[in-house]
Amino acid sequence: GGAGDADASRMVKRFARTVVAGTEDAARVRTLDACERTVDHLFCVLDDARRASTSASASASANALASANAFCEDRLRAVRQDLAMQGLFADDPVACGRCCALLERMIVRAVTSEAEREADASDDDFGAAALRERQLGKTFGMLLSAYAELGFDDDRHVERVGRFVSMLLCVRLRDGTSELAGDLRRVGVRTLATKDARFAMTCRAAFATGNWRRFFAIVDEASYEHACCLERHFAVARIDALRSLNCALNSTPMKLDELARVLRLDYASDAETYVKACGLTVNVDESAERTVQFRTSPFTPPNLSRPDVAAALRAANRGFKSSSPA
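Figured I'd write up the structure that's included with this text.

What counts and how
- Residues numbered from 1 in each chain as written.
- Predicted model: local features only at pLDDT ≥ 70, side-chain atom pairs only at ≥ 80, totals over all residues.
- Heavy atoms only, no water.
- Helix = DSSP H or I, 4+ residues; strand = E, 2+ residues; numbered from the N terminus.
- Buried < 20%, exposed > 50% of the residue type's maximum accessible area, 1.4 Å probe, protein only.
- Areas by Shrake-Rupley, 256 points an atom, 1.4 Å probe, with all protein chains shown as cover.
- Phe/Tyr/Trp six-rings, centres within 6.5 Å; stacked < 30°, edge-to-face > 60°.
- Lys NZ or Arg CZ within 6 Å of the ring centre and 35° of its normal.
- Pairing = 2+ DSSP bridges.
- Contact = heavy atoms within 4.5 Å.
- Axes fitted to C-alpha atoms, helices over the stretch in contact; angles between N-to-C directions.
- Salt bridge = Lys/Arg side-chain N within 4 Å of Asp/Glu carboxyl O.

1. Structural notes on the overall build of the protein
Working step 1: In terms of regular secondary structure, the protein is built from 14 helices and three strands.
Working step 2: Counting all 326 residues of the protein, 45% fall into the buried class.
Working step 3: Split by element, the accessible area of the protein, about 15800 Å² in all, is 52% carbon and sulfur.

Dropping the structure here:
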């Protein structure tokens, strides 16, 4: 149908930027029950598209799955908007808890779907990726507001809040402490003392200090959800690790197999992709082993905003925590 049209049986509608009181748009704001049914249906659409993609050709599979993702992302934006129009059910703790559960499901689906895209080097629509990041940030913000209505220090919710605050910290790993200070003060000490929040803070500390060995060791112990949140930072971490190696080591050749282990990559060819992207020298030694020589050419950080560069590095990131648990 046209923009904003609703599906009468499933209450699925397109996202519309404004909803004005007294208009037809406002009359179509869905109830919480309808929003829950909509999300159930949209997730079924995505799951069906994933199952169908396994039996289709590579190009048809990618196109069908991309279309299903785009459809569901737009409709989920409309769900979040309808929830916001109802004031997060501040006067009804039960409804507010249901709203939190719905937003939590949307966040988990968003971060795991983004990790799947990271593993797909053919998905290089950076405008769409930036939009997804903004929408994820808005969903996190709305969830924190809903948690505030329930009470951050409530014993019934503190572990639950800690789980999603930790996911927010992992997604925003490159943000400075000052940018996160407001959210951290808002959630309080008890939330930050939970196991999940402590994990995220430890991961942030390793990332901020450039301790890449520690960072990837932490990621190796992460839950699937946390690994999905962190995966968007892997390219930046590996590039900075290469920069550190280039500064610290001499020009003695290092085998690419060894470098792959240091960078926590699956294959020497993946390490070579990173080395060449950073302008470093790759040679072949007398035993026909491919090696990298540091300090023999200028270190040039790759431009990750270039689709071809980012796609190549995404392909090199394959394998590490990229598959969902059984």
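2. Regarding the packing of aromatic side chains
Working step 1: Counted under the stated rule, the structure contains six aromatic pairs.
Working step 2: Taking the centre distance of 5.2 Å and the plane angle of 85 degrees together, the rings of Phe 207 and Trp 212 count as edge-to-face.
Working step 3: An angle of 65 degrees between the planes, with centres 5.5 Å apart, marks the rings of Phe 207 and Phe 215 as edge-to-face.
Working step 4: Among the residues examined, Phe 215 registers a relative accessible area of 0% and is labelled buried.
Working step 5: Grouping aromatic residues by their ring pairs yields a cluster made of Phe 207, Trp 212, Phe 215, Phe 216 and Phe 234.
Working step 6: Lying across the ring of Phe 43, Arg 109 places its NZ or CZ 4.4 Å from the centre.

3. Thoughts on the sheet that holds strand E1 (residues 254–255)
Working step 1: Strand order in the open sheet formed by three strands is E1-E3-E2, with antiparallel pairing between adjacent strands. In the strand order of this sheet, the two ends are held by E1 and strand E2 (281–284), each with one partner.
Working step 2: Direction of pairing for E2 relative to strand E3 (residues 290–293): antiparallel, over a ladder of four bridges. Residue Thr 281 lies in a different strand from E3, and its bridge partner there is Gln 293.
Working step 3: Sitting on the sheet, helix H13 (residues 268–277) is in contact with E2 and E3, with an inclination near 135 degrees to E2.

4. Thoughts on the pattern of salt bridges
Working step 1: For the coordinates displayed, the defined rule picks out 21 salt bridges.
Working step 2: Between Arg 105 and Asp 40 there is a salt bridge, and its shortest N-O distance comes to 2.9 Å. Taken together, the residues span a long stretch of sequence, with Arg 105 in helix H4 (residues 93–118) and Asp 40 in helix H2 (residues 32–53) at a distance of 65 residues.
Working step 3: Linked through salt bridges whose partners overlap, the residues forming this network are Asp 33, Glu 36 and Arg 98.

The analysis is restricted to geometry; functional conclusions fall outside its scope.
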